[in-house]
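Coordinates in review
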Amino acid sequence: MSKHQTIAFIGFGEAAQAFCEGWGDTPSFGLRAYDIKTDEVSSVDAKRDDYRRFGVVGCEATSDAIKGADAVISVVTADQALTAARDVATWISPGTFFFDCNSVAPATKQTAAETISTAGGRYVDVAVMAPVHPALLAVPLLLSGPFAEEGERVLAGLGFKGRVIDGEVGAASAIKMIRSIMIKGIEALTAECLLSARAASVEDEVLASLDASFPGWNWHARADYNLDRMLVHGLRRAAEMRESAVTAADLGLAGTMASAAAGWQQHLGALHLSPLPDGFAAKADAILAVTGISKP
């Protein structure tokens with residue numbers, strides 16, 4: 001893309017900022033963004049600082065961000081994904097690519113695709129298959145839908161690493177959301193198991209037993225990392241897991257594990273612990289203290 005072309009972000013959180021970091025200080029195209037946090041007095045200044053830090057033109061509305069854009073990248077929280085698509089559809093120019101990178105159920109993506117397609121946009125279902133840090137632009141992406149092959153070429157021109165999955169809109173996201181049942185479920189199981197172990201003062205024995213059962217996993221480090229992710233991103237991950245539960249339910253399954261994982265993600269994310277204590281034991285003690293659980 002040239003300097004005369006523009007990429008518009010809807011949502012400017014961790015993912016969008018990681019992509020900007022990957023492009024560096026002088027991308028070969030213009031960048032604009034709109035984030036709902038600029039609508040809130042408590043977060044507007046911090047979000048505007050984010051725009052300035054990454055050299056992005058911050059906009060006050062979706063319409064301003066996507067006007068004349070060559071491609072729109074939606075990276076909002078799961079609970080805002082469909083709302084964002086509907087807002088974009090009101091203003092999108094015919095033929096503009098809409099890359100829906102949000103972690104939502106295939107059915108949600110299909111509804112969003114219909115909305116964008118009716119407005120004349122070219123919708124691409126994009127599944128982000130790993131954390132954006134430290135991978136940045138190298139994070140693996142899966143793409144599906146009728147515009148996936150064209151979309152992959154556009155993303156490749158921006159430096160992304162995408163792979164087209166056979167199938168309609170929702171095929172890529174089905175892989176992502178079903179995988180998340182396992183990945184975020186392990187985080188939730190880790191929290192319940194090892195917070196219980198810490199509360200009972202038996203975490204050393206439990207961790208040793210887990211290490212013996214799963215050699216090479218280093219459960220102490222894994223527990224610290226998993227708690228960190230849940231404390232920092234739990235609210236966003238809870239929204240994602242509710243979409244995983246919808247995915248399972250749409251396939252005729254109960255989605256029980258996904259729903260339970262969403263509960264744990266929500267619980268830890270809502271604690272808003274800051275700054276985060278260093279190490280598993282300190283994090284666990286802080287969580288137990290703020291939830292009123294005392295060790296024997």
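Residues numbered from 1 in each chain as written. Predicted model: local features only at pLDDT ≥ 70, side-chain atom pairs only at ≥ 80, totals over all residues. Heavy atoms only, no water.

The next point concerns the overall build of the chain. Across its full length, the chain holds twelve helices and eight strands. For 296 residues, the compact-globule estimate of 2.2 N^0.38 gives 19 Å, and the C-alpha radius of gyration of the chain, at 20 Å, lies within 12% of that figure. Here the C-alpha coordinates of the chain stretch approximately 65 × 45 × 30 Å along the principal axes. Classification of the 296 residues of the chain by burial places 48% in the buried group. Per element, the accessible surface of the chain, about 13600 Å² overall, is 56% carbon and sulfur. Distance from the positive charge centre (25 side chains) to the negative charge centre (35 side chains) of the chain: 3 Å. (Helix = DSSP H or I, 4+ residues; strand = E, 2+ residues; numbered from the N terminus. Rg over C-alpha atoms; globule rule 2.2 N^0.38 Å. Buried < 20%, exposed > 50% of the residue type's maximum accessible area, 1.4 Å probe, protein only. Areas by Shrake-Rupley, 256 points an atom, 1.4 Å probe, with all protein chains shown as cover. Lys, Arg positive; Asp, Glu negative; His and termini not counted. Charge placed at Lys NZ, Arg CZ, Asp CG, Glu CD.)

So, about the nonpolar core. If you look at the biggest cluster of nonpolar residues, it comprises 33 residues, and the most contacted ones within it are Phe9, Phe19, Trp23 and Phe99. Per-element accounting of this core gives the leading share, five residues, to helix α1 (residues 14–23). Counting 20 residues, the second largest nonpolar core, distinct from the first, contains Ala84, Val88, Ala89 and Ala113. (Core = buried A, V, L, I, M, F, W, Y, C linked by side-chain atoms within 4.5 Å.)

Applying the stated criterion to the full structure yields twelve aromatic pairs. Measuring from centroid to centroid gives 6.0 Å for Phe9 and Trp23, while their planes differ by 35 degrees, and the two rings are tilted. Taken together, the positions of Phe9 in strand β1 (residues 6–10) and Trp23 in helix α1 put the pair 14 residues apart, joining distant regions of the chain. As far as burial versus exposure is concerned, Phe9 and Trp23 are alike and both buried. Aromatic side chains Phe214 and Trp219 sit 5.9 Å apart centroid to centroid with 65 degrees between the ring planes, which places their arrangement in the edge-to-face category. Since its relative accessible area comes to 38%, Phe214 is described here as partly exposed. On the basis of relative accessibility, which here comes to 8%, the residue Trp219 falls in the buried class. (Phe/Tyr/Trp six-rings, centres within 6.5 Å; stacked < 30°, edge-to-face > 60°.)

Right, let's talk about the environment of Asp211 for a bit. By the secondary structure assignment, Asp211 is in helix α9 (residues 203–213). Take Asp211: its relative accessible area is 31%, and that puts it in the partly exposed class. With sequence-adjacent residues up to four places away left out, Asp211 is seen in contact with Asn218 and Trp219. (Contact = heavy atoms within 4.5 Å.)

Okay, the sheet that holds strand β5 (residues 97–100) next. Taken in spatial order, the eight strands of this open sheet run β3-β2-β1-β4-β5-β6-β7-β8, and their pairing is mixed. The two strands at the open ends of the sheet, each matched to only one other strand, are β3 (57–58) and β8 (161–164). As paired elements, strand β2 (residues 30–34) and β3 share two bridges and run parallel to each other. Across the sheet, Arg32 pairs through a bridge with Val57, a residue of β3. Contacts from helix α8 (residues 171–199) reach β6 (122–128) and β7 (140–144) within the one sheet, and its direction differs from that of β6 by about 25 degrees. (Pairing = 2+ DSSP bridges. Axes fitted to C-alpha atoms, helices over the stretch in contact; angles between N-to-C directions.)

The grouping of Ile178, Leu251 and Leu253 at the surface amounts to a nonpolar patch, some 320 Å² of accessible area in total. Structurally, Leu253 can be placed in the loop between α10 (219–250) and α11 (256–269). For Leu253, a relative accessible area of 57% corresponds to the exposed category. (Patch = residues over 30% accessible without salt bridge, like charges linked within 9 Å, V, L, I, M, F, W, Y side chains within 5 Å. Salt bridge = Lys/Arg side-chain N within 4 Å of Asp/Glu carboxyl O.)

The subject of this paragraph is the pairing of β8. Where β7 and β8 come together, four bridges link them in parallel fashion. From the neighbouring strand, Leu141 faces β8, where its bridge partner is Gly162. In this view, the connection linking β7 to its parallel neighbour β8 by way of helix α7 (residues 148–157) has right-handed handedness. (Right-handed = clockwise from strand over helix to strand, strands pointing away.)

Moving on, we come to the side chain of Glu203. Note that Glu203 resides in helix α9. Note on Glu203: relative accessible area 9%, which makes it buried. Those residues in contact with Glu203 that sit more than four places away from it in its chain are Ala197, Arg198 and Phe280.

A word on the packing of α8 against α9. The geometry of α8 relative to α9 is characterised by a closest axis approach of 8 Å and an angle of 145 degrees between their N-to-C directions. Along the contact surface, α8 presents Cys193, Leu194, Ala197 and Arg198, while α9 presents Glu203, Val206, Leu207 and Leu210. Partitioned by chemical class, the residues of the contact of α8 with α9 number six nonpolar, no polar and two charged. (Nonpolar A, V, L, I, M, F, W, Y, C, P; charged D, E, K, R; others polar.)

Of the two faces of β5, the one carrying Phe97 and Phe99 and the one carrying Phe98 and Asp100 are both buried. Traced from strand β4 (residues 71–74) through helix α4 (residues 81–91) to β5, the parallel crossover comes out right-handed. With four bridges connecting them, β5 and β6 associate as parallel partners. Across the sheet, Phe99 pairs through a bridge with Val124, a residue of β6. Between β5 and its parallel partner β6, the chain crosses via helix α5 (residues 106–118), and the hand of that crossover is right-handed.

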